[in-house]
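# Close look at the chain arrangement
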Amino acid sequence: MPDSPAVIAVNYHRIGAIDTANPFHRLHTVDAGVFAQQVDWMQRHGAVISLDQVRSGRELAELNFVVCFDDVPVSARRGIDLLRERGLPVTISPCGHLTEHGAGTRDKVYAIEQLAPAEAIRAHLAELLPSVGENASFYHLTKSAELNPHWVRTELIDPLFSTIEAQAQPLLAQRGYLAWPELRELAADELVTVANHTLTHDNLAALSRSALEEEITRSHALFTERMGFPARYFTVPFGRFTPELALDCLQVLTAADYAGILWVGPAGLTITGPYRHQVLNLSRLHSASTLEDFTAHVARARRASTAALIWQLAPTRHRRPVTIGSSRDAHRARVTEMVLRQGKDYASDPAFYAYQFTDNPYRSERPDYYTVECDGRIEATAYNFHTVFAVDGTCVPGVYLSSWRKLPHAHPAAAAHLLHTMLTREPIVGVYRPNPAIAAAFSGWHRARVQHLTLPVPAGHPRGPRPPYQVGEHADFPESWVELCATSVRRAGFTVARDATYHRWRHSSYPLARATYLTLERAKEPLALAVMLHRPGAVEIADFHVAAAATTAVAPLIEAVLASAARHGAPTVTWQASDPYLVATAVGVFGATATPFDNFYHLNPALLGPLGVAAGELGRRWPLLPLHETGTTSDVLLR
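This report concerns the structure included in the present document. None of the values given here were measured: they were computed from a predicted structure.

Quick notes on the rules
- Residues numbered from 1 in each chain as written.
- Predicted model: local features only at pLDDT ≥ 70, side-chain atom pairs only at ≥ 80, totals over all residues.
- Heavy atoms only, no water.
- Helix = DSSP H or I, 4+ residues; strand = E, 2+ residues; numbered from the N terminus.
- Buried < 20%, exposed > 50% of the residue type's maximum accessible area, 1.4 Å probe, protein only.
- Contact = heavy atoms within 4.5 Å.
- Areas by Shrake-Rupley, 256 points an atom, 1.4 Å probe, with all protein chains shown as cover.
- Pairing = 2+ DSSP bridges.
- Phe/Tyr/Trp six-rings, centres within 6.5 Å; stacked < 30°, edge-to-face > 60°.
- Lys NZ or Arg CZ within 6 Å of the ring centre and 35° of its normal.
- Axes fitted to C-alpha atoms, helices over the stretch in contact; angles between N-to-C directions.
- Parallel < 35°, antiparallel > 145°, perpendicular 65-115°, else oblique.
- Nonpolar A, V, L, I, M, F, W, Y, C, P; charged D, E, K, R; others polar.

## Some points on the overall build of the protein chain
- Along the backbone of the protein chain there are 21 helices and 25 strands.
- For the C-alpha atoms alone, the extent of the protein chain along its principal axes is close to 95 × 55 × 40 Å.
- Residue burial in the protein chain is summarised as follows: out of 639 residues, 56% are buried.
- The long-range share in the protein chain, meaning contacts at least 24 apart out of those at least 6 apart in sequence, stands at 75%.
- Accessible surface, the protein chain: about 26300 Å² in total, of which carbon and sulfur atoms supply 53%.

Structural data, given as structure tokens:
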């Protein structure tokens, strides 16, 4: 797979000749010859793929196209069949009412726009919506997110349609959309994906959350009954992506095992990995009526591609009331991450959440995360990665601020509120490697300088350290190294406490990489231990410990790590350490590159005092503490 393949989804409706006398040809009709040219262009410049391929990352080219047909008008069959004849996948999205009855509310709107006198439309709008002005568009008002869809149908559309129904009837009598039997026939072709396009084609952003749930639930039930299988993809009518609507839809769709949501927008999507646990949010271009416009739209969409749809939204601000909350609701967190961190699939993995929070042995009764909420929706989160700090031998509960995220429209004080809540409730709060752009927010905190080391693995088959050293590799934490780790922790003065329980949870059960424990001893005396995390082509040293009087074991330990990495096929080893001797050895002897960064720690005197720790005294001694920062003194390991 290319480093950052882009997916451009293109949405069509009608294919064929345009009859200007037919109101149903008014919108989204592409000439059949132009459509064939556009497909030719897509095949020359990239790959036409299915939604399942987007999710899995299979066979992706540098540029990829997903071709869709919404509503599935009868004339769409020509375009669908062209794609099938070429062996190309296509996604079709039937709307329940359109498929059941052959016509729908939008068809009435098209008929009114073409057949009703303009003055009659203006008078109707002036009577019902006097505030919109005489230049208001009837067409756009009928799909407005600000108006109740039921009112729009019964008060805005139906009275006008009744005045031209006789003229429209001959056109409406002809079925405008494929029927269920035809859709079932198409679905039998593995090239065809059939998505649920709601029941009524209402603007979902105009619905209450309960009405939205009813709309999705009813459309899913009808789709399943008529098609004989449940839909896996959901297509949003009119398609404008908003975080609020995405969160509301996801709450319902995840319960029904949907795999993706299709929107409409001007940008493509960059694929950074497979979607195993997240629901795919994919924006689509409206089809252009010429090849020239099509290629221009694709070029703009490619330049604007992002890995998450929220990155395509301009930051905004609101001043509506917000509340600060806390939660241990795993499902709600995973759904929120599908919007906040789209593309980072592990963020919605139930096993990863359980590892980070539910199964964390240091969690006790504390919340997993804090929230800023508006209108009952999360708009910013800050996660607690619970741990225990060892302060001069005293164990103190605390947390690392584990990724705080916000929606583009979040309240301007969201970050400050979340951080303040955390600082008032925890004796110690750590922040791992904050972005330099926000590091100023942690002025007054205690800084721990760490070096990120990248060690080149020698070519060939390095032997590792020679006798009298003995090297072992273990799948589980070796009990005989407990005392060495305890001594290393005590020596630091301030660090994360690590015992056998910690290692088995933090490293052995880590769901995103495999852990091995590399041990170094001499004459059966434990000298050093390194915790190695393995992913294909990558090795990271998550933690290490060296006996107090065994600085001479540092170089043999690094040799052993490099030899092990070579056996696993890794070209480099990454290693984070604050220990100056290890850093100097890695750089001076083994050619490592070192990149400095800072961790920060906040001490809460009011909560530390009852635990026997004098925060002021600890702060005064901080510059002299040896510390022991490694990859594990954080909320992040190899991903």
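That covers the picture; the talk isn't over yet.
## Some remarks on the pairing of strand β1 (residues 6-12)
- The element β1 is largely enclosed, with a buried count of seven among its seven residues.
- Here β1 shows no split at all, with Ala6, Ile8, Val10 and Tyr12 on one side and Val7, Ala9 and Asn11 on the other all buried.
- Summarising the sheet, β1 and strand β10 (residues 269-270) pair through two bridges and their orientation is antiparallel. Across the sheet, the residue bridging to Val7 is Leu269, located in β10.
- The sheet contact formed by β1 and strand β5 (residues 63-70) spans seven bridges and is parallel. In the sheet register, Ala9 faces β5, and the bridge partner there is Val66.
- Sheet analysis places β1 next to strand β12 (residues 284-286), joined by three bridges and oriented parallel. Looking across to β12, one finds that Asn11 is bridged to His286.

## Details of the packing of aromatic side chains
- Considering all chains together, one arrives at 32 aromatic pairs under this definition.
- Taken together, a centroid distance of 5.9 Å and an interplanar angle of 75 degrees make the contact between Tyr362 and Trp505 edge-to-face. In this pair, Tyr362 is assigned in the loop between α14 (350-358) and β14 (369-374) and Trp505 in helix α17 (residues 500-508), connecting sequence segments 143 residues apart.
- The class of Trp505 is buried, set by a relative accessible area of 6%.
- Ring centres of Phe385 and Trp505 lie 5.7 Å apart, and the angle between their planes is 25 degrees; on these two criteria the pair is classed as stacked. Taken together, the positions of Phe385 in strand β15 (residues 377-391) and Trp505 in helix α17 put the pair 120 residues apart, joining distant regions of the chain. Accessibility assignment for this pair places Phe385 and Trp505 in one class, buried.
- Through a chain of ring-to-ring contacts, three or more aromatic side chains come together here, namely Tyr346, Phe352, Tyr355, Tyr362, Phe385, Tyr502, Trp505 and Tyr510.
- When the ring centre of Phe597 is taken as origin, the NZ or CZ atom of Arg433, which lies over that ring, is 4.2 Å away.

## Observations regarding the packing of helix α9 (residues 180-187) against helix α10 (residues 209-227)
- Axis separation between α9 and α10 bottoms out at 10 Å; the angle between their running directions is 75 degrees. As judged from the angle between their axes, α9 and α10 are roughly perpendicular. Between α9 and α10, the contacting residues are Trp180, Leu183, Arg184 and Ala187 on the first element and Leu222, Phe223, Arg226 and Met227 on the second.
- Among the residues making up the contact of α9 with α10, the classes are represented as six nonpolar, no polar and two charged.

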